[in-house]
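What follows is each chain in one-letter form.
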Amino acid sequence: MIKEKLSKLKDVNIAETVKKTAVKVKDYTVDMFKKPEGLGDLYREHTAILKHREWRGPKDTLYDYYRWLVTWKDMILMVGKAPVSTVKGLWRYRWMASYLSAPAFVDRHVAGLRGPQLRMAHLHYNMIVKHTTKLINISFRADEKINPNNKLSKKIVLMDEIVPNEVFLGFPNLIPMPLQTIPIFLTSMVDQQITPPYLESVESYGVPADVCPLPSSEAGVAIDDDYPKMGCCLVSTNMPCDGSIMNTSFLERRLNLPSHYFGVPLRYTGDDVQEYAVDEVKSLIKFIEDQTGEKFDWDAYFSRMKDYNKQLDYELQKWDVNKTPYPQMTGACFWLYRIFYFNLSGGSNEKFLKVDEKVNKIMMKAYENKTPVSKVMRHRAVVWSCPANYYTSFANWLENCWGINVVMDMETMISYLEIDTEDKEQSLKDLAKTYQRSIMRKHTKGGYKNVVDELWRIVEEYNADTVIMYDQISCKGMDGLNGVFDDQARERNVNFIWVKQDLMDPRTISRRDMREQVNKYMTTVLQEEPVDATLVDFEDDLAW
């Protein structure tokens, strides 16, 4: 059905439609918002914390407030399920206090949204909060520092957070736990202030400051003994880069658990590496069986993979809609929810599928009604390279301040291969290929065509006129391609905006610095006026 609806818009002039939509939305905005203040006027100095909740009209304001209460409800339930363990965890671990700012995290990512976009975003973020609180609850109940000799710990298989969850679905009696996700990866998204102490710890051990701050901060958590003590074994990996191998050496020494190295081919497009890739998956399954005594349950695995494929189908419908003149999923919600369920669910949690079903209904209705995705849509953008964890809401700012709608980004467009649910050997082949196309990896590894040619294919496919290129200054994966990107962007007449950032360390390049790079391009190169002038320059150096 969706293909039939999308085919009707095949020959539509995208650029012309965007102009018409922008005018239409601008008029709509004037009618709807009676207050003269912009979003920036709501921020407290230096923090970007709201003075009061954003007024979105009666209906949307009430819905936004209701979802704010749902976020607090899920956090309170987490405490209620294990109050003693949670309170002990709050006092024991530096990172736990950061999760108290989760409601503010959601607020940052729904700023400026209205109607269907507000509802879809809240459904996604509430699911992220629910699943995160579940992982925190399990971590504290299984933590042997807090609860010595508990049985839950022995059911947990620790895994590097870059290893997706799918293979563990064949072990329904075990609990896969992404080791670094709760203590540092997600906290750095919620609270930009959490990583510097861990980076300082690892640098005091002699690790150079120019190493990628993701594995560095994860190693710093190990040095500070801030990982919960749990699990019967550890699965490490070479993903996404060589920094992970350095990090693994710290983790193994701190955890002192049986470990298994899960190797994933770098040149993943070649047929010659696929046999090796499947052998690595089989070896991983055998390691888990040997360490836990559990046997891989193919029936359980196939059952969950069917849900995985359903989720994938809903995901691809989002992509198809965003190729049209009426995109419905922009901002940061697109990629944050995508990498979250891809890595931490993979079909294991039916609640994710229910959320996808609800979102799909809202999205398709809004698409059929040609509902504008934002107040003003001037540019269709593709975001490339890895985004900054300390500024995950950057895409929302682009939209609200300059009318730059991110219709696709690199971290959303990770593996979209359907996994066979009948033939065992074929299923493992599909799974191995899926792992080779995981987050922070699919377009940064595997050769020139994966990072350069693939970008221009996506720009053309999504009718984008702008590219936001993250220049992660501590990442060596993109070095040497700067001139290539600039030259090819000029040949294609594409706006190409470089945004320097340092992934996990806001001290090097702040959020404000990131915004200023876009401001200069928009005012000097394109000579445009901002959609919301109050968002052009504000301080948030003390913000979470």
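Residues numbered from 1 in each chain as written. Predicted model: local features only at pLDDT ≥ 70, side-chain atom pairs only at ≥ 80, totals over all residues. Heavy atoms only, no water.

Looking at the overall build of the protein chain
How we decide: By the criteria applied, helices consist of DSSP H or I runs no shorter than four residues and strands consist of E runs no shorter than two, each listed in order from the N terminus. The globule rule is 2.2 Å times the number of residues to the power 0.38, and the radius of gyration it is compared with is taken over C-alpha atoms. Using a 1.4 Å probe on the protein chains alone, a residue whose accessible area is under 20% of its type maximum counts as buried, one over 50% counts as exposed, and one in between counts as partly exposed. Whether two residues are in contact is decided by their heavy atoms, any of which lying within 4.5 Å being enough. Here the open area of atoms and residues is found with the Shrake-Rupley method and a 1.4 Å probe, where only the protein chains shown may cover a residue. Positive residues here are Lys and Arg, negative ones are Asp and Glu, while His and the chain termini are left out of the count. The atoms used to mark charge sites are NZ of Lys, CZ of Arg, CG of Asp and CD of Glu.
Within the protein chain, the regular secondary structure consists of 19 helices and 8 strands. A compact globule built from 544 residues should have a C-alpha radius of gyration of about 24 Å, and the protein chain, at 23 Å, falls within 12% of that. Across its three principal directions, the C-alpha atoms of the protein chain cover 65 × 50 × 45 Å. With 544 residues in all, the protein chain has 63% of them scored as buried. Restricting to contacts in the protein chain with at least 6 residues of sequence separation, those with at least 24 account for 81%. Of the roughly 22,200 Å² that the protein chain leaves accessible, carbon and sulfur atoms contribute 53%. Across the protein chain, the mean location of the 71 positive side-chain charges is 6 Å away from that of the 76 negative side-chain charges.

Here's the deal with the nonpolar core
Here is the rule we go by: In this text, buried Ala, Val, Leu, Ile, Met, Phe, Trp, Tyr and Cys residues form a nonpolar core when linked through side-chain atoms within 4.5 Å.
Formed by 127 residues in total, the largest nonpolar core has its most connected members in Trp-95, Tyr-125, Tyr-301, Trp-384, Leu-455, Trp-456 and Phe-485. Those residues within four positions of Trp-95 in sequence are excluded, and the remaining contacts are Phe-140, Ile-182, Pro-183, Thr-187, Ile-194, Tyr-198, Asp-226 and Pro-228. In terms of nonpolar packing, the next biggest core, distinct from the first, is built from 29 residues, Ala-395, Cys-401, Trp-402 and Ile-468 among them.

Digging into the sheet that holds strand 6 (residues 404-409)
Whether parallel or antiparallel, the strands of a sheet pair through hydrogen bonds between backbone atoms. Let me state the cut-off plainly: Any two strands are treated as partners once DSSP identifies two or more bridges connecting them. Note on method: axes are straight lines fitted to C-alpha atoms, helices fitted across the in-contact stretch only, with angles between N-to-C directions ranging 0 to 180 degrees.
Across the sheet, 4 strands lie side by side as 6-5-7-8; this open sheet has parallel pairing. The sheet terminates laterally at strand 6 and strand 8 (495-501), the two strands that pair on one side only. Neighbour to neighbour, the strand axes of the sheet diverge by 30° on average, direction disregarded. Where strand 5 (residues 379-384) meets strand 7 (residues 466-472), 4 bridges bridge the pair, whose relative direction is parallel. Bridging across to strand 7, Ala-381 finds its partner in Thr-466. Across the sheet, helix 18 (residues 482-492) lies against strand 5, strand 7 and strand 8, angled at about 155° from strand 8, the strand it touches most.

Describing empty space enclosed by the protein
Empty space among the atoms becomes apparent when a probe as large as a water molecule is rolled across them. As a reminder, the rule being used: Site definitions follow a grid-based scheme: protein atoms alone, a 1 Å grid, a 1.4 Å probe that fits but cannot get out for cavities, and for pockets an open set with protein on both sides within 12 Å along at least five of seven lines, plus lining residues having an atom within 4 Å of a point. Grid points are joined across faces, edges and corners, and a volume is the space filled by probe spheres set on the points. When residues are sorted by character, Ala, Val, Leu, Ile, Met, Phe, Trp, Tyr, Cys and Pro go into the nonpolar class, Asp, Glu, Lys and Arg into the charged class, and all the rest, Gly among them, into the polar class.
This model, assessed by the stated rule, comprises 6 cavities of 30 Å³ or more. Considered as a void within the structure, the largest cavity measures approximately 100 Å³ in volume. Lining the largest cavity are 14 residues; nearest its centre among them are Trp-335, Val-383, Pro-387, Asp-409 and Tyr-470. Taken together, the residues of the lining of the largest cavity sort by class into 9 nonpolar, 3 polar and 2 charged. Of the pockets and cavities examined, the second largest cavity occupies roughly 90 Å³.

Brief notes about the pattern of salt bridges
Note the threshold: The term salt bridge refers to a pairing of a side-chain nitrogen on Lys or Arg with a carboxyl oxygen on Asp or Glu at a separation within 4 Å.
Under the definition given, this model contains 32 salt bridges. Residue Asp-225 pairs with Arg-92 through a salt bridge whose shortest N-O separation is 3.3 Å. Remark: Arg-92 occurs in helix 4 (residues 83-92) and Asp-225 occurs in the loop between helix 9 (213-223) and strand 3 (233-237); sequence separation between them is 133 residues. Residue class for Asp-225 comes out partly exposed when judged on its relative accessible area of 25%.

Some thoughts on the sheet that holds strand 3
Spatially, 4 strands are ordered 2-1-3-4 in an open sheet, and the strand pairing comes out parallel. At either end of the open sheet lies a strand with only one pairing partner, and these are strand 2 (175-178) and strand 4 (259-262). Averaged over all pairs of adjacent strands, the angle between strand axes in this sheet comes to 25°, irrespective of strand direction. Both strand 1 (residues 156-159) and strand 3 contribute to a ladder of 3 bridges, which runs parallel.

Some words on the packing of aromatic side chains
The test is simple: Aromatic rings from Phe, Tyr and Trp, with only the six-membered ring used for Trp, were paired whenever their centres fell within 6.5 Å, and each pair was classed as stacked if the ring planes differed by under 30 degrees, edge-to-face if by over 60, and tilted otherwise. Any Lys NZ or Arg CZ found within 6 Å of a ring centre and within 35 degrees of that ring's normal is scored as a charge over the ring.
Under the defined criterion, the tally for this structure stands at 27 aromatic pairs. Pairing Phe-296 with Tyr-301 gives two aromatic rings, centres 5.4 Å apart and planes at 50°, and the pair type is tilted. You'll find Phe-296 and Tyr-301 in the same group, each marked buried. A centroid spacing of 5.8 Å and a plane angle of 20° characterise the contact between Phe-485 and Phe-496, whose relative ring orientation is stacked. Of this pair, Phe-485 sits in helix 18 while Phe-496 sits in strand 8, placing them 11 residues apart in sequence. Among the aromatic residues, ring-to-ring pairing joins Phe-171, Phe-296, Trp-298, Tyr-301 and Phe-302 into one connected group. Against the face of Phe-538 rests Arg-515, its NZ or CZ located 3.8 Å from the ring centre.

Some remarks on helix 16 (residues 424-436)
How we decide: Expected span of a helix, by definition, is 1.5 Å for each gap between consecutive residues, and there is one gap fewer than residues. Here a polar contact is recorded for every N or O atom pair within 3.5 Å, except that within protein the pair must consist of a potential hydrogen donor and a potential acceptor, and residues adjacent in sequence are included only if both atoms are side-chain atoms.
With 13 residues, helix 16 extends 19 Å between its outermost C-alpha atoms, agreeing within 8% with the 18 Å of an ideal straight helix rising 1.5 Å per residue. Inspection of helix 16 places Ser-427, Leu-428, Asp-430, Leu-431, Ala-432, Thr-434, Tyr-435 and Gln-436 among the buried residues, and these make up the whole buried set. Buried positions along helix 16 lie against strand 4, helix 11 (274-292), helix 12 (298-322) and helix 13 (333-344). Among the residues of helix 16, the N-terminal cap falls to Asp-423, whose side-chain oxygen and the backbone nitrogen of Glu-425 are separated by 3.2 Å.

Remarks on the confidence of the model for the protein chain
Regions with low pLDDT carry predicted coordinates that are not meant to be interpreted in detail. Let me state the cut-off plainly: Confidence of the predictor in every single residue is expressed as pLDDT, which spans 0 to 100.
Of all residues in the protein chain, 92% attain a pLDDT of 70 or more, and the chain-wide mean is 87. Per-residue pLDDT, averaged within each element of the protein chain, yields its smallest value for helix 2 (residues 14-32) (40) and its largest for helix 19 (residues 511-525) (95). Residue range residues 17-36 is modelled with pLDDT below 50. Its contacts to residues more than four positions away, or to other chains, number 28 contacts.

What to know about helix 14 (residues 350-368)
Each turn of an α-helix holds 3.6 residues, which means side chains three or four residues apart point in the same direction. For helix 14, built from 19 residues, the straight-helix expectation of 27 Å at 1.5 Å per residue is met to within 8% by its first-to-last C-alpha distance of 27 Å. Where helix 14 begins, the capping side chain belongs to Asn-349, and its oxygen is found 2.9 Å from the backbone nitrogen of Lys-351.

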